[in-house]
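Reading the structure
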Amino acid sequence: MLEIKNAYKTFNPGTVNEKTALNGLSLTINDGEFITVIGGNGAGKSTLLNAVAGVWLVDEGSITIDGTDVTRLPEHKRAKYIGRVFQDPMMGTAATMQIEENLALAMRRGKRRTLRAGITAAEREQYKDMLKILELGLEDRLTAKVGLLSGGQRQALTLLMATLQKPKLLLLDEHTAALDPKTAAKVLDATEKIVQKDHLTTLMITHNMRDAISHGGRLIMMYEGRVAVDISGEEKLRLTVEDLLQMFEKASGQMIASDRMLLG
Amino acid sequence: MTSFLNALPGAISQGLIWGIMAIGVYITYKLLDIADLTVDGSFCTGGAVCVMLIAAGWNVWPAMLVALIAGMLAGMVTGLLHTSCGIPAILAGILTQLGLWSVNLAIMGMKANQSLNVNKFDLLVSLRYLQEVGKGVRPFWQHPIFLVGLFTIAIVAILYWFFGTELGSSLRSTGANPNMSRAQGINTNFAKVLGLVISNGMVALSGALLSQYQSFADINMGRGAIVIGLAAVIIGEVVFGKLFRNFGLKLLAVSIGSIIYYVVIQAVISLSGINSNYLKLLSAVIVAIFLAVPYWKSRHFTKPMKRGGTTHA
């Protein structure tokens, strides 16, 4: 479904802030796989997702989604294949627009936007049904401005928007990191539900090792812009936090530095 | 006081005409979050094109259509400078505005102003008609307030429809959240250019109406237009913000904001006898205060608000 070959990305080249975020990264994801991505700060997790989404173009290498080479394609054109949920709850929705308007925008992802009505009555009914799945009471607030919603509600809504048009690839960039534990669990539940229902090929970054272990069928650990550990199948099922910590130390040759990776 | 009352219909007419420009400013400033300084130039472009074509014997309507298109082209230049050339929006607008100064002079045959003989041509609106309707020489529907009012309602209706379409929604979302818009497959660069095109089209149309109303086009007629536009947008918001939730009504509020602006200016001139030279300073101060008040309020008078958990990323 997704094939990244030998991707390189360096930010601020030639300055003191030079940072090689992707360092010859290669990764192949099969259709229907749910992959969790972990790694320390600056390992290149978000860079990987942004490279796939086309926020900027990679310096070298190629990215192919479902047989289509998207390496040079701008972000809005890749959106046809990709659903995204960001870490920041403010980023995935338009605060000054209504819930139903946000959904209607997402419904037209990958389609030509014409002079037809931006939202139809039939759609509204459909949205009501879909919002019920989230169990947040949003189905009764279709015309409320999204800015009035809580962070958790906004993330859940963004998740729905990302999957309204079934994407070939779902990219979740620590989408529960900014939420309180209870809300985070709820959003994660909704994620699991939606991914299962539509058999979505998913890449989920998380800082939480337990989440990384308990979700998905494959786990990759990134280190210095490359995939350092790649576990799937039986091995993934037996995986513990201790195993992961050991693997991290082996991969990086150092003790784990980030408290946030240990906790949670 | 009588001089103020006598001047009132003229002030309302002018307010309505400038209101169409202000609606253009609303599109860029409020919907796209761009302060577009092109308008100072494209307003004159609309007036100059309209006057020259009517003087050349064109009918009013096609002349105004060409003025509209000329303004749209100006908006497109700014849009492309901003999106394709990566120039910050405000600077892109200033560049277009500067260039338009020469273009506008060229349109007017290298003269700083061009006048229209009201007796020779059939115009849509004119200060003369306003007086003649009052004397009963002309039917009431030729009164500028009636005609421009109708014109405004038509424009609001069209814009209301457009911003409800798929394309119009993508334009609004680009202004609201460009990251989300791109993630949803919206070409935000195209949306910005389109918004600037529509906005400057409205501005040029307004300039075309004003040049007919005052029966001349002048190279300086658009100077400070952006400030008048912002004033109208802000006044409309302050007065009707709580009342008007519907998008169409919000556009109408901008037009009414413009009328209020011109009536207040007229009142200041008539009642205080202030030298009209100071009007631009007065406008600038008023707009600065209205822009500053919400900021001061948010800094000093609101309690910190918690929304959506902590963000210790």
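Heads up: the structure comes first, above all this text.
Everything numeric in this text was worked out from a predicted model, so none of it was measured. (Residues numbered from 1 in each chain as written. Chains lettered and ligands numbered in written order. Predicted model: local features only at pLDDT ≥ 70, side-chain atom pairs only at ≥ 80, totals over all residues. Heavy atoms only, no water.)

1. Section: the packing of helix α6 (residues 144-162) of chain B against helix α9 (residues 188-213) of chain B
Residue and element names in this part refer to chain B. Inclusion rule: To get an axis, fit a line to the C-alpha atoms, keeping to the stretch in contact for a helix; angles then go from 0 to 180 degrees between the N-to-C directions. To qualify as a helix, a DSSP run of H or I must reach at least 4 residues; to qualify as a strand, a run of E must reach at least 2; elements of each kind are numbered from the N terminus. Any angle between 65 and 115 degrees counts as roughly perpendicular, while under 35 counts as roughly parallel, over 145 as roughly antiparallel, and the rest as oblique. Here a residue-residue contact requires only that any non-hydrogen atoms of the pair lie within 4.5 Å. Residues are grouped as follows: nonpolar covers Ala, Val, Leu, Ile, Met, Phe, Trp, Tyr, Cys and Pro; charged covers Asp, Glu, Lys and Arg; every other residue, Gly included, is treated as polar.
Contact geometry of α6 with α9 gives a least axis separation of 13 Å together with a crossing angle of 175 degrees. Classified by the angle between their axes, α6 and α9 sit roughly antiparallel to one another. Residues Pro144, Phe151, Ile155, Leu159 and Phe162 of α6 form the contact with α9, whose own contacting residues are Leu194, Ile198, Met202, Leu205, Leu209 and Tyr213. Of the residues that constitute the contact of α6 with α9, the class distribution is eleven nonpolar, no polar and no charged.

2. What about a nonpolar patch on the surface?
The following threshold applies: Only residues above 30% relative accessible area that lack a salt bridge enter a patch, with like-charged residues linked at up to 9 Å and the nonpolar side chains Val, Leu, Ile, Met, Phe, Trp and Tyr linked at up to 5 Å. Each accessible area is a Shrake-Rupley result for a 1.4 Å probe, and residues are judged covered by the shown protein chains and nothing else. Take a side-chain nitrogen of Lys or Arg and a carboxyl oxygen of Asp or Glu: if they are within 4 Å of each other, that pair is a salt bridge. Each residue's exposure class comes from its accessible area (1.4 Å probe, protein chains only) as a fraction of the maximum for that residue type: buried when under 20%, exposed when over 50%, partly exposed otherwise.
A surface patch of nonpolar side chains, about 710 Å² in accessible area, is lined by Tyr278(B), Leu281(B), Val285(B), Ile289(B), Val293(B), Tyr295(B) and Trp296(B). Residue classification places Ile289(B) among the partly exposed positions, given a relative accessible area of 45%.

3. A look at helix α4 (residues 121-134) of chain A
Residues and elements named next belong to chain A. So the rule is basically this: A helix is expected to reach a length of 1.5 Å times the quantity of its residues less one. What the arc describes is the spread of directions from the helix axis to the C-beta atoms.
Between the first and last C-alpha of α4 there are 21 Å, a value that for 14 residues agrees with the 20 Å anticipated at 1.5 Å per step. Within α4, burial applies to Glu123, Tyr127, Leu131 and Leu134. Looking down the long axis of α4, one finds its buried residues gathered within 70 degrees of arc, a one-sided arrangement. Those residues of α4 that are exposed and angled more than 90 degrees off the buried face are Ala121 and Ala122. Elements that come into contact with the buried residues of α4 comprise α3 (99-107), α5 (151-164) and α6 (181-198). Glu135 lies just past α4 and shows a positive phi near 55 degrees.

4. What about the sheet that holds strand β7 (residues 169-173) of chain A?
Residue and element names in this part refer to chain A. Quick reminder of the rule: Strand pairing is assigned whenever DSSP identifies at least 2 bridges connecting the two strands.
Strand order in the open sheet made by the six strands is β6-β7-β8-β3-β9-β10, with mixed pairing throughout. Both outer strands of the open sheet, β6 (82-85) and β10 (226-232), are each paired with one neighbouring strand and no more. Here the average twist between neighbouring strands, direction ignored, is 20 degrees. The sheet contact formed by β7 and strand β8 (residues 202-205) spans four bridges and is parallel.

5. Here's the deal with the pairing of strand β1 (residues 2-11) of chain A
Residues and elements named next belong to chain A. Summarising the sheet, β1 and strand β2 (residues 19-29) pair through eight bridges and their orientation is antiparallel. Looking at β2, one finds that Lys9 is bridged to Leu22. Direction of pairing for β1 relative to strand β4 (residues 60-65): antiparallel, over a ladder of five bridges. Following the sheet pairing, Lys5 is matched in β4 by Ser62.

6. A short note on the packing of aromatic side chains
Residues and elements named next belong to chain B. Note the following rule: Classification of ring pairs rests on two measures: the distance between centres of Phe, Tyr or Trp rings, Trp counted by its six-membered ring, which must be within 6.5 Å, and the angle between planes, read as stacked under 30 degrees, edge-to-face over 60 and tilted in between.
Here the structure, examined in full by the defined rule, presents ten aromatic pairs over all chains. Taking 5.4 Å as the distance between ring centres and 65 degrees as the angle between the ring planes, the aromatic pair formed by Phe163 and Phe247 counts as edge-to-face. Placement of Phe163 in the loop between α6 and α7 (166-176) and of Phe247 in helix α11 (residues 247-272) is noted, with a sequence separation of 84 residues between them. One exposure class covers both Phe163 and Phe247, and it is buried.

7. Things to note about the interface of chain B and chain A
Spelled out, the test is: By buried area we mean how much accessible surface two parts lose on assembly, using a 1.4 Å probe and totalling the loss over both.
With 27 residues of chain B at the interface, the matching set in chain A holds 38 residues. Overall, the association of chain B and chain A removes approximately 2,700 Å² of surface from exposure, summing both partners, and the carbon and sulfur fraction of that is 54%. The tally of links between chain B and chain A comes to three salt bridges. Salt-bridge contacts for Glu75(A) lead to Arg182(B); the nearest nitrogen and oxygen are separated by 2.9 Å. When residues of the side of chain B that touches chain A are assigned to their parent elements, the largest contribution, seven residues, is made by α7(B). A breakdown of the residues in the side of chain B that touches chain A according to their chemical character gives eight nonpolar, 15 polar and four charged.

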